[in-house]
Amino acid sequence: MSKIPSISSDTMTLTRHVLAQQKLAKNATGDLTQLLTSIQTAVKVVSFAVRKAGITQLFGTAEKTNVQGEEVKKLDVLANDLFINMLKSSYTTCMMVSEENENIIEVEAEQSGKYIVCFDPLDGSSNIDCLASIGSIFGIYRKETDEAPSPSLGLQPGNKMVAAGYALYGSATVMVLTTGNGVDMFMLDPSIGEFILIESQMKIPLRGKIYSINEAYENKWEPAIKEYVKNKKDPSKGKPYGARYVGSMVADVHRTIKYGGIFMYPITTDAPKGKLRLQYECNPMAFIVTQAGGLATNGKIPILDVVPTSIHERSPIFLGSKEDVEEVQALINQHAN
Ligand code: AHM
Ligand code: MG
């Protein structure tokens, strides 16, 4: 008689996990659970589309039009539409800020809710065509007043976030999430289409052995960053670090959380404010890393304390293991004095 493979009958799914947390929170209405469910749906479809795009490219089965005869959407446009449509129809969101939209996205009154969501629907898009890892990033804020949606409502500092997460479309699809009570990781099980809890209360090592920065810009860095990276390669300053840089923030930050070390995107002479965006790249990652016991700074103050002045504002960022971030910060301070 053939045996049924062992299947858990008590799997901790992402939705179940969020529901359990909601039960613990005072005055919870279930809206955040609903919101996160809508993001999960967007992420599942993006994950499917990313895998399909890979196969399409490898086997040359590109369809130029879909069944309705419409042009097949580019992945980043598709991901953006998915996030917007799923969030709108969750009845939990009043306003969105997306990397793909110059202006805020307002939700009509009938569908509006109390949350503001800032997201980068498909980060690392230059990696799509070579099949390297890409991701989605999001940060969730509460609308604290009765004001109508406006860009100024999207200018809350990161320390006001109620939840943040990212999805990594790598060799598997994972979602890493915090609602302010630590960080948990869920892996998409394609056989049941559910995110399953695989690591609870993730903790970033106190110190790592890897630095992650685009070293091609060395000539454009400030002296403190040059010195820091030089030190990391100098055997007389301790065991040299390894270097890793995917060029996809989600992949680089995920590795940093798992293995420890530091991820840096400092200012350069070409990008005097840094490259990465505060509201939907730096802040959600800073919240997650901080919740995992690490640090995230812009080189002056914690990223989460920066008060944004525009929705697409850029910021330099140094994040990762506590001791590694403290070390680069100490050098930056030393050079500033
Ligand atoms: P994108 O939002 O246009 O994809 O750019 C963001 C990406 C990050 O994922 C990554 O950390 C960074 O840009 C890499 O930039 P660079 O190629 O300058 O090193
Ligand atoms: Mg991006």
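Draft legend 1. Main features of the overall build of the chain. Scanning the chain from N- to C-terminus turns up 7 helices and 13 strands. Computed over the C-alpha atoms, the radius of gyration of the chain is 20 Å, within 12% of the 20 Å expected from 2.2 N^0.38 for a compact globule of 337 residues. In terms of overall dimensions, the chain has C-alpha extents of about 60 × 60 × 45 Å along its principal axes. The buried share of the chain, taken over its 337 residues, is 50%. For the chain, the share of sequence-separated contacts (at least 6 apart) that also reach a separation of at least 24 residues comes to 63%.

Draft legend 2. Empty space enclosed by the protein, seen in detail. Scanning the model with the defined rule gives 2 cavities of 30 Å³ or more in all. Lining the largest cavity are His 17, Val 18, Gln 21, Leu 177, Thr 178, Thr 179, Gly 182, Asp 184 and Phe 186. Counting only elements with at least two residues in the lining of the largest cavity, the list comes to α1 (14-24), β6 (173-178) and β7 (183-189). For the lining of the largest cavity, the leading source of residues is α1, giving 3 residues.

Draft legend 3. Broad picture of helix α4 (residues 223-233). Taken together, the buried positions of α4 are occupied by Ala 224, Ile 225, Tyr 228, Val 229, Asn 231 and Lys 232. Axial view of α4: buried residues confined to an arc of 155°, hence all on one face. Opposite the packed face of α4, turned more than 90 degrees from it, sit the exposed residues Pro 223 and Lys 230. Contacts made by the buried residues of α4 are with β9 (210-212), β11 (262-265), β13 (317-320) and α7 (322-336).

Draft legend 4. Region of the structure containing the domain arrangement of the chain. Segmenting the chain into domains produces domain 1 (14-199) and domain 2 (210-336). Of note, the centres of domain 1 and domain 2, computed from C-alpha atoms alone, are 24 Å apart. Approximately 2700 Å² of surface area, both sides summed, lies buried where domain 1 meets domain 2, with 65% of it carried by carbon and sulfur atoms. The largest share of the area that domain 1 buries against domain 2 comes from Ile 137, Leu 155 and Tyr 166, three residues that together contribute 22% of it.

Draft legend 5. Up close: the environment of Met 95. With respect to the secondary-structure elements, Met 95 resides in strand β1 (residues 93-98). Counting along the chain gives 12 residues from Met 95 to Phe 83, while the straight-line C-alpha distance between them is 12 Å. Beyond its immediate chain neighbours, meaning those up to four positions away, Met 95 contacts Ile 104, Ile 105, Val 107, Tyr 115, Ile 116, Val 117, Pro 149, Ser 150, Leu 153 and Gly 154.

Draft legend 6. Representation of the pairing of strand β3 (residues 115-123) within the structure. Across the 9 residues that make up β3, a large majority, 9, are buried. Where β1 lies against β3, 5 bridges are found, and the strand directions are parallel. Residue pairing in the sheet places Met 95 in a bridge with Ile 116 of β3.

Draft legend 7. Spatial organisation of the layout of surface pockets. Taken as a whole, the second largest pocket spans an internal volume of roughly 450 Å³. If you go around the second largest pocket, you meet 21 residues; those closest to its centre are Glu 222, Ile 267, Asn 298, Lys 300 and Pro 316. Listed by contribution, the elements that provide at least two residues to the lining of the second largest pocket are α4 and α7. Taken together, the residues of the lining of the second largest pocket sort by class into 12 nonpolar, 4 polar and 5 charged.

Draft legend 8. Representation of the site of ligand 1. In the neighbourhood of ligand 1, 16 residues make up the surrounding shell, with Asp 123, Tyr 217, Tyr 245, Met 249 and Tyr 265 lying closest. Measuring from an oxygen atom of ligand 1, one finds a side-chain N or O atom of Tyr 265 at 2.6 Å. The separation between an oxygen atom of ligand 1 and a polar side-chain atom of Lys 275 is 2.8 Å. Computed on the free molecule, ligand 1 has an accessible area of 470 Å², of which 82% lies beneath the protein chains in the complex. Looking at the shell around ligand 1, the elements with two or more residues in it are β3 and β11.

Here is what the cut-offs are and how they apply
Residues numbered from 1 in each chain as written. Chains lettered and ligands numbered in written order. Predicted model: local features only at pLDDT ≥ 70, side-chain atom pairs only at ≥ 80, totals over all residues. Heavy atoms only, no water. Helix = DSSP H or I, 4+ residues; strand = E, 2+ residues; numbered from the N terminus. Rg over C-alpha atoms; globule rule 2.2 N^0.38 Å. Buried < 20%, exposed > 50% of the residue type's maximum accessible area, 1.4 Å probe, protein only. Contact = heavy atoms within 4.5 Å. 1 Å grid on protein atoms, 1.4 Å probe; cavity = no way out; pocket = protein on both sides within 12 Å on 5 of 7 lines; lining within 4 Å. Points joined across faces, edges and corners; volume = space filled by probe spheres on them. Arc of directions from axis to C-beta. Domains from an automatic or database assignment. Buried area = accessible area lost by both parts, 1.4 Å probe. Pairing = 2+ DSSP bridges. Nonpolar A, V, L, I, M, F, W, Y, C, P; charged D, E, K, R; others polar. Near = heavy atom within 4 Å. Polar contact = N/O pair within 3.5 Å; in protein donor to acceptor, adjacent residues only side chain to side chain. Areas by Shrake-Rupley, 256 points an atom, 1.4 Å probe, with all protein chains shown as cover.

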